[in-house]
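Spelled out from the first residue to the last, the chains are:
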Amino acid sequence: MTRKLIIDCDPGQDDAINLFLALPPTDDYEILGITVVAGNVGLDKVSRNARLLCELTGRTDIPVYEGCAAPLKYPLVTAEEVHSREGLEGVELFEPSVKAQSQNAVDFIIETLMAAEDKSITLLPTGPLTNIAAALQKEPAIAGKIQEIVLMGGALREGGNITPSAEFNIYVDPHAAQIVFDSGCQCIVFGLDVTHQVLSSDAVLERIKAVDNEVAQTAYNLLTFYGRYDAEKYGSNGAPLHDPCTMAYILKPELFDLKACNIRVEADSELTRGHTAVDFWYATELPRNSLWAYKVDADGFFDLLVGQLGKY
Ligand code: BDR
Ligand code: CA
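The following refers to the structure shown. (Residues numbered from 1 in each chain as written. Chains lettered and ligands numbered in written order. Predicted model: local features only at pLDDT ≥ 70, side-chain atom pairs only at ≥ 80, totals over all residues. Heavy atoms only, no water.)

## What about the overall build of the chain?
Counting its regular elements, the chain contains twelve helices and ten strands. For 312 residues, the compact-globule estimate of 2.2 N^0.38 gives 20 Å, and the chain sits close to it at 18 Å. The C-alpha extent of the chain, read off along each of the three principal axes, is 50 × 45 × 40 Å. Of all 312 residues assigned to the chain, the portion counted as buried reaches 60%. Expressed as a percentage of contacts within the chain between residues at least 6 apart in sequence, the contacts between residues at least 24 apart total 83%. If you sum the accessible surface of the chain, you get close to 12,300 Å²; carbon and sulfur atoms cover 49% of it. The centroid of the 24 positive side-chain charges in the chain is displaced by 2 Å from the centroid of its 45 negative side-chain charges. (Helix = DSSP H or I, 4+ residues; strand = E, 2+ residues; numbered from the N terminus. Rg over C-alpha atoms; globule rule 2.2 N^0.38 Å. Buried < 20%, exposed > 50% of the residue type's maximum accessible area, 1.4 Å probe, protein only. Contact = heavy atoms within 4.5 Å. Areas by Shrake-Rupley, 256 points an atom, 1.4 Å probe, with all protein chains shown as cover. Lys, Arg positive; Asp, Glu negative; His and termini not counted. Charge placed at Lys NZ, Arg CZ, Asp CG, Glu CD.)

Laid out in structure tokens, this is it:
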């Protein structure tokens with residue numbers, strides 16, 4: 001059976017690269033829709049960006065749905081300092097000809113899942129988990145329809161990137177994250193421990209630049225801007241490709257080492273809001289609700305990325 005995906009995102013520089021990985025036409029999987037959520041920038045901008053990226057890749061056949069404009073309980077926190085004021089830098093921005101669907105993303109997720117067979121649809125969230133949690137709250141029966149939730153979020157050994165202990169996506173909506181981890185669905189979690197192993201180094205950028213098509217050149221421009229911020233902040237050679245770990249996992253799961261762990265989220269503490277308590281060494285007997293990614297074959301990851309970009 002062809003794998004069916006819904007990509008939930010907040011583009012976002014690295015969300016854009018994740019879409020570039022996902023969007024070359026293929027018979028191996030079907031993208032039922034792209035749902036957007038406020039995160040890196042506000043909802044209007046992530047919607048425009050998602051549709052623009054679909055146009056750029058020639059995938060206007062994929063419908064885009066707008067979801068939640070703010071987290072479940074907290075006010076929205078955005079990340080313009082990383083992704084620029086518009087959420088994308090390095091792409092010439094334009095108003096896409098394709099409009100967003102009139103149906104709300106949360107209702108699209110519910111309707112699509114409820115019409116599907118059990119455990120038949122994979123969700124790929126690469127922003128705050130608000131849309132997914134809102135759907136689970138509104139129609140808990142969708143949990144049985146989900147094959148896997150392959151998400152970018154959290155941190156264990158690396159520490160946080162928005163506070164000393166929290167990763168951005170989980171920090172923005174920790175209540176939503178807890179709902180997702182408690183849902184009973186198989187969660188496959190790509191946090192900073194693994195995403196910090198895939199850096200857009202100069203050598204990687206040169207490989208991408210050598211791919212002769214418009215999408216690859218856009219990826220090169222996006223990553224050149226994106227790398228600058230992280231190079232200054234962390235002193236690293238390039239920026240971590242956080243979100244693309246999710247699609248890389250769908251395309252080539254053997255690139256990653258995973259361990260079954262319990263994950264809980266600190267939602268309310270002022271100091272550690274958004275911290276993911278990943279029980280890596282089994283200090284508790286809590287149910288292992290997630291597979292936590294802790295190692296990646298970075299060379300294999302970049303071979304995959306360059307290969308996918310070459311398909312445009
Ligand atoms: C995550 O936060 C966002 O800024 C990125 O798009 C990624 O999803 C990394 O912490
Ligand atoms: Ca993101």
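So, next bit.
## Notes on the site of ligand 1
Near ligand 1, the surroundings consist of Asp14, Asp15, Asn40, His83, Thr126, Met152, Asn161, Glu167, Phe168, Asn169, His242 and Asp243. Residue Asp243 places a side-chain N or O atom 2.6 Å away from an oxygen atom belonging to ligand 1. For the shell around ligand 1, the elements supplying multiple residues, two or more each, are α1 (13–22) and α6 (168–172). When its residues are assigned to classes, the shell around ligand 1 shows two nonpolar, six polar and four charged. (Near = heavy atom within 4 Å. Polar contact = N/O pair within 3.5 Å; in protein donor to acceptor, adjacent residues only side chain to side chain. Nonpolar A, V, L, I, M, F, W, Y, C, P; charged D, E, K, R; others polar.)

## Description of the pairing of strand β10 (residues 290–296)
Pairing of strand β6 (residues 187–190) with β10, which is carried by three bridges, proceeds in the parallel orientation. In the sheet register, Val189 faces β10, and the bridge partner there is Trp292. (Pairing = 2+ DSSP bridges.)

## Observations concerning the sheet that holds β6
Strand order in the open sheet formed by eight strands is β3-β2-β1-β4-β5-β6-β10-β7, with mixed pairing between adjacent strands. Where the open sheet ends on each side, the last strands, each with one partner, are β3 (64–66) and β7 (256–261). Direction aside, neighbouring strands of the sheet carry axes that sit 25° apart on average. Inspection of the sheet shows strand β2 (residues 29–36) paired to β3 by three bridges, in the parallel sense. Each bridged residue has a counterpart across the sheet, and for Val36 the counterpart in β3 is Glu66. (Axes fitted to C-alpha atoms, helices over the stretch in contact; angles between N-to-C directions.)

## Section: the coordination of the calcium ion (ligand 2)
Only Asp10 (OD), Asp15 (OD), Asp15 (OD), Thr126 (O) and Asp243 (OD) from the protein reach the calcium ion (ligand 2) as donors, at distances of 2.2 to 2.6 Å. All donor residues of the calcium ion (ligand 2) come from one chain, and their arrangement in sequence is D-x4-D-x110-T-x116-D. In this pair, Asp15 is assigned in helix α1 and Asp243 in the loop between α10 (214–234) and α11 (244–251), connecting sequence segments 228 residues apart. Here the two residues Asp15 and Asp243 agree in accessibility, since each one is buried. (Donors = N, O, S within 2.8 Å, 3.2 Å for Na, K, Ca; no water.)

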